[in-house]
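# Descriptive structure summary
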Amino acid sequence: MNNLNERKFIVGLIFLIVGFVYLIRLFNVQVINRKYKADSDHNVLRVITEYPARGLIYDRKGKLLVYNEAAYDLMVVPRQVAEMDTLGFCDLLGIPYEDFIQKLTTARNYSRYKPSVFEKEISAESYAQIQEKLFAYSGFYVQRRTLRKYPRKSAAHVLGYIGEVDAATVEKNKYYKSGDYIGKSGLELAYEELLRGKRGVKRILVDVHNREKGSYEDGNLDTLAVTGQTIITTLDAELQEYGELLMKNKKGSIVAIEPETGEILALVSSPNYDPNLLVGRDVKKNYPVLSKDSLNPLFNRALMAQYPPGSTFKTLQALIGMQDGVITEHSGFPCIKSYVGCHNHPAAQNVEQSIKMSCNPYYYSVFKRILMQDKSKSIFKDSEIGLAKWNKQVKKFGLGQRLATDLPAIKSGFIPDVNFYNKWYGEGRWAFSTIYSLSIGQGEIGVIPLQMANLGAILANRGYYYTPHLIKEIKNTDTIPSIYRIKNDVGIEQKYFPPVITGMNKVIEEAGGTARRAKIDSIAVCGKTGTAQNPHGEDHSIFMAFAPMDSPKIAIAVYIENAGFGGTWAAPLASLMMEKYLTGKIKDQAKETRILEANLMDVKPKK
Amino acid sequence: MRNQRNIFANIDWITVLIYLALVLIGWISIYAAVYNEEHHSIFDISQRYGKQLLWIGLALVLAIIILIFEGQFFTSFAYPIYGSVILLLIAVLLVGAEIKGAKSWFQIGGFALQPSEFAKFATGLALAKYLSTLNINMKDLRTKVIASVIIGIPAVLILLQNDTGSTLVYASFVFVLYREGLSGNILLLGLYVAFLFVLSLLLRINDFTFFDSITLSGDQLLMIILTMVAALLIYWTRKLKKAWMVISFALIMSLGLIFSVDYIFEKVLEPHQSKRINVLLGIESDPHGAGYNVNQSLIAIGSGEFVGKGFLQGTQTKFDFVPEQSTDFIFCTIGEEWGFLGSFFLVALYIGLFLRIIFLAERQRSIFSRIYGYAVASILFFHFLINIGMTIGLAPVIGIPLPFISYGGSSLWSFTILLFIFIKLDSERINVLR
Ligand SMILES: [Zn+2]
């Protein structure tokens, strides 16, 4: 064991050697080599964040919708602030002395060593003046950032806005630092990660006199800011603006979709606001005003407002009836007003006429057949089986579910199911006769305008749709989210569409149709009026349409709140939109003027 | 059994004094590292120095509790202590909280505890217990295997927590095994493997061209040279029986190792780990990550010069420049504010402590106490080696604390327990018969 005993010397020797080597190294670093000492003298390091330019947004025809404008933040590192001409400094910035003290105290309370924003968003002109004299004020420097600009002042609800990131997000997401800007709504939020780009960092050495001595370590530590990606939306800026113009002095929304792609051409919610109001430091001032406005301009009605679909729903009921085999295109039903109210018209002999004349009792009968297919002896059970099947079928049309549109704030709408009525009335205590108002799109049913436009697209496509979306292209990539490339089949055979579509054409083209005002010379329009019962006031006017009939290029839904019957206001407005999109001009000036001049905002709620 | 009532009897005051000195230096440095004018009270619990003061108080209480115990307790309960710590390590993998990428913390309220810190002394106890049983011989394969398993279980569990730094600490037990009779050749072999690994890493990125036509990569060249050396060795030792077999075997293993370097580097190590090794070897420069930290750390230490800038006068170790300046990079503060004199004093203090522990270990009659003493010295030494080496650019950037000095309750307590168990064992050496 004696030789093991000697090993203590070897272990001890290893310890000593390591200690000795470390001391030699330390002596070299601390005493002999002057490089590190010299570095530390210039090592008043200023870390400047390079904010990337946020991605631009264009419309489908290459018109610029969103760009950036330079702005400058005056930063301060309290510990580096030296004795200075405080009053001169206040003059330079144009702020009172008290503000200066207060801002500096705020910055100090945050940190003496870390930079904080002293004055936000100095304009380019004042920046030029300040920059010249800033050297005299150590501890202060200017940091460049950008502000969003919306040259066309439209599509505020689609584009959304950006604002300072909240504390919870900073906590969750490593990328963001307090004071950063982040998309808060609309496309700015939906495509935040693409648009924001990547922040860069520049390290600059500064001497004690606040003079920049060049980049630190030859800029090896710096990271370049990466500009955000440019996005091309599916919007047609001209159509969007025309829609916003038409909707002036009206409450409601317009959604237009290109049926063969699901691309949203226009998405108007009225009243709206100028997106430039919610930029930079103006947000603090303008946001409360907008959010307190009784007309609620921040509310995106096109995606967030749910209304009963009214008579537009009859198109869908007819299709389901034929697909279920409970009616054929030649089925006729008498207009028995004791079932459900109707207007005066000749009896509908077939599906086509029922759509054209929008006969309520006809659809009462159709829906009765859909619900009660003699699957059970009990009418309650039978209605339950029928409703479950019907609900499943209706949902295939994208109703009663959140459409995976790129805008995150969207309602799902509501299609009642068995559970709902079991809870409402109790199990076995409801049947067709309890819920027949569903047959004409009234009652406990909710559809958002986007879903209604999508119904138009489904009819235009004769049985399928692509999820409506706003992203057309991400510059320098050839992909958009794959979900927008999936064809959704609604489970109705194509052969059942012609009678409904012909009926929808006659709604406009033929005497006795409900929307004669939507006629456009030379273009075959198909449409369906609707009136959403509104317990709080005058009914809402609805029109759902597509055109041209044979190779549809646009599907549209127009909602005008408290405007009464769909044929009066919504139908002509929709026809103007379609004509504008398809031909680029409006022939019937009188029709346009009538809509432009209409003020439906003050329609008195009915008693 | 005399003086049984006096728990301070026979304890080694030199060790205790060095311990107290280090703890005090640690607290002063943490105070300096996070000092700013707004917070004056040293008891401010919202500040790290305030918290550390609390941790130190609790550490002293722990030390006294350990001294109250009978030393026999640690001998008898070595295995149960080891077992419970292993269970804790497993538990933390299942229910632990993740802090900075390592899933090694129990979060209890606002307070986080890291069981891997406590695995160190437990492993030391278990290893001492095993190697001090009768009829144990380090030369037996069985002994080597069981000792490796005792060390390996916590090491692997900690590796699973994604805490590579703490795992590496377990390599330090090789000193203990060496002292207890592990062949020195194994140590040399380990050094040879490490040398070959580093050499082929350095060489594999270079190409060498001969006669304008043959281009070999660096590691191919290394293999050819090794083969030629082996051939020469075989020639020289041709008189010795079977020498050629040993040499050939060594050659084949060496070549295999060089081949595997690529694989280990690309597949086994995490990208950030291979990056750190590359940065340390100067193969790759990474001024943003590990390289940035080391450079800032060197500037801070270097700017201290011979006598330092003085207490609280450091500028480089404040906030932005040096990362983790109260935990892993605490030595920067000392180097900056106290200069080479301070660094010298600290290094001397540590080396003095390690040598003192070895000295104490060697005077034990109990084999258990001796082995445990070596475990204590090795663990502390390894932390010193890596932590200070990292701040002066001689070791890779691996986040492990500087014993008794770095901020943090778990590490301070575990080092205190580690050391004071040994102090207690040492104070009872006279009572132990075997
Ligand atoms: Zn009728």
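Just so we're clear, the structure is a prediction, and the values are computed from it rather than from any experiment. (Residues numbered from 1 in each chain as written. Chains lettered and ligands numbered in written order. Predicted model: local features only at pLDDT ≥ 70, side-chain atom pairs only at ≥ 80, totals over all residues. Heavy atoms only, no water.)

With that settled, consider the overall build of chain B. On a plain count of helices and strands, chain B comes out with 16 helices and five strands. Expressed as a percentage of the 434 residues in chain B, the buried residues total 53%. At a minimum sequence separation of 6, the contacts of chain B that also span at least 24 residues come to 69%. Carbon and sulfur atoms form 69% of the exposed surface of chain B, whose accessible area is close to 19,700 Å². (Helix = DSSP H or I, 4+ residues; strand = E, 2+ residues; numbered from the N terminus. Buried < 20%, exposed > 50% of the residue type's maximum accessible area, 1.4 Å probe, protein only. Contact = heavy atoms within 4.5 Å. Areas by Shrake-Rupley, 256 points an atom, 1.4 Å probe, with all protein chains shown as cover.)

Each pair of donors in an ideal four-coordinate tetrahedral metal site encloses 109.5 degrees, whereas pairs in an ideal six-coordinate octahedral site enclose 90 or 180 degrees. Residue and element names in this part refer to chain A. The coordination sphere of the zinc ion, as far as protein atoms go, consists of Cys335 (SG), Cys342 (SG), His345 (NE2) and Cys359 (SG), spread over 1.9 to 2.4 Å. In this structure, the zinc ion is surrounded by four donor atoms whose angles at the metal cover 102 to 125°, and the resulting shape is tetrahedral. One chain supplies every donor to the zinc ion, and in sequence these donors are spaced C-x6-C-x2-H-x13-C. Here His345 lies in the loop between helix H14 (313-324) and helix H15 (351-357) and Cys335 lies in the loop between H14 and H15, a separation of 10 residues in the sequence. Each member of the pair, Cys335 as well as His345, carries the same accessibility label: buried. (Donors = N, O, S within 2.8 Å, 3.2 Å for Na, K, Ca; no water. Tetrahedral: all angles 85-135°; square planar, octahedral: opposite > 155°, others 65-115°.)

All names here are of chain A. The buried fraction of strand S18 (residues 554-560) is high, at seven of seven residues. In S18, alternate side chains face the same way, and those of Ile554, Ile556, Val558 and Ile560 on one face and Ala555, Ala557 and Tyr559 on the other are all buried. As defined by bridge partners, strand S17 (residues 540-547) adjoins S18 across seven bridges and the pair is classed as antiparallel. If you follow Phe543 over to S18, its bridge partner there is Val558. Where S17 hands over to S18, the hairpin turn is made up of six residues, counted between the paired strands. (Pairing = 2+ DSSP bridges.)

Here the focus is the nonpolar core. All names here are of chain A. Core analysis: the biggest nonpolar cluster contains 133 residues, and Trp390 and Leu450 have the highest contact counts within it. When we break this core down by domain, the ones giving at least three residues each are domain 1 (45-233) and domain 2 (300-513 + 541-552). Leave out the neighbours within four places in its chain, and Trp390 touches Phe313, Gln317, Ile320, Phe367, Ile370, Leu371, Ile415, Pro416, Leu438 and Ile445. (Core = buried A, V, L, I, M, F, W, Y, C linked by side-chain atoms within 4.5 Å. Domains from an automatic or database assignment.)

On to the sheet that holds S17 of chain A, then. All names here are of chain A. A sheet is described by the order of its strands in space; here five strands give the open sequence S12-S11-S18-S17-S16, paired in antiparallel fashion. In this open sheet, the two strands that pair with only one neighbour each are strand S12 (263-270) and strand S16 (526-532). Across this sheet, the average inter-strand angle for adjacent strands is 10°, counted without regard to direction. Note that S16 and S17 share seven bridges and pair antiparallel. Looking across to S17, one finds that Thr531 is bridged to Ser541. The strands touched by helix H20 (residues 449-461) within the sheet are strand S11 (252-258), S12, S17 and S18, with S18 carrying the most contacts at an inclination of about 145°. (Axes fitted to C-alpha atoms, helices over the stretch in contact; angles between N-to-C directions.)

We now examine the packing of helix H5 (residues 115-131) of chain B against helix H15 (residues 367-391) of chain B. Residues and elements named next belong to chain B. Viewed as axis vectors pointing N to C, H5 and H15 meet at an angle of 145°, and their least axial separation amounts to 8 Å. Relative to H15, the crossing made by H5 is right-handed. Between H5 and H15, the residues in contact are Lys120, Phe121, Gly124, Leu125, Leu127, Ala128, Lys129 and Leu131 and Phe368, Ile371, Tyr372, Ala375, Ile379 and His383, respectively. (Left-handed = near helix turned anticlockwise from the far one by under 90°.)

Two side chains that carry opposite charge are able to pair once their charged atoms sit near each other. Residue and element names in this part refer to chain A. This structure, assessed with the given rule, holds 28 salt bridges over all chains. Here Arg60 makes a salt bridge to Glu258, at a shortest N to O gap of 3.4 Å. Taken together, the residues Arg60 in the loop between strand S2 (57-58) and strand S3 (64-76) and Glu258 in strand S11 connect sequence positions 198 residues apart. The class for Arg60 is buried, based on a relative accessible area of 19%. Several salt bridges converge on common partners, so that one network encompasses Arg54, Arg148, Glu188 and Glu192. (Salt bridge = Lys/Arg side-chain N within 4 Å of Asp/Glu carboxyl O.)

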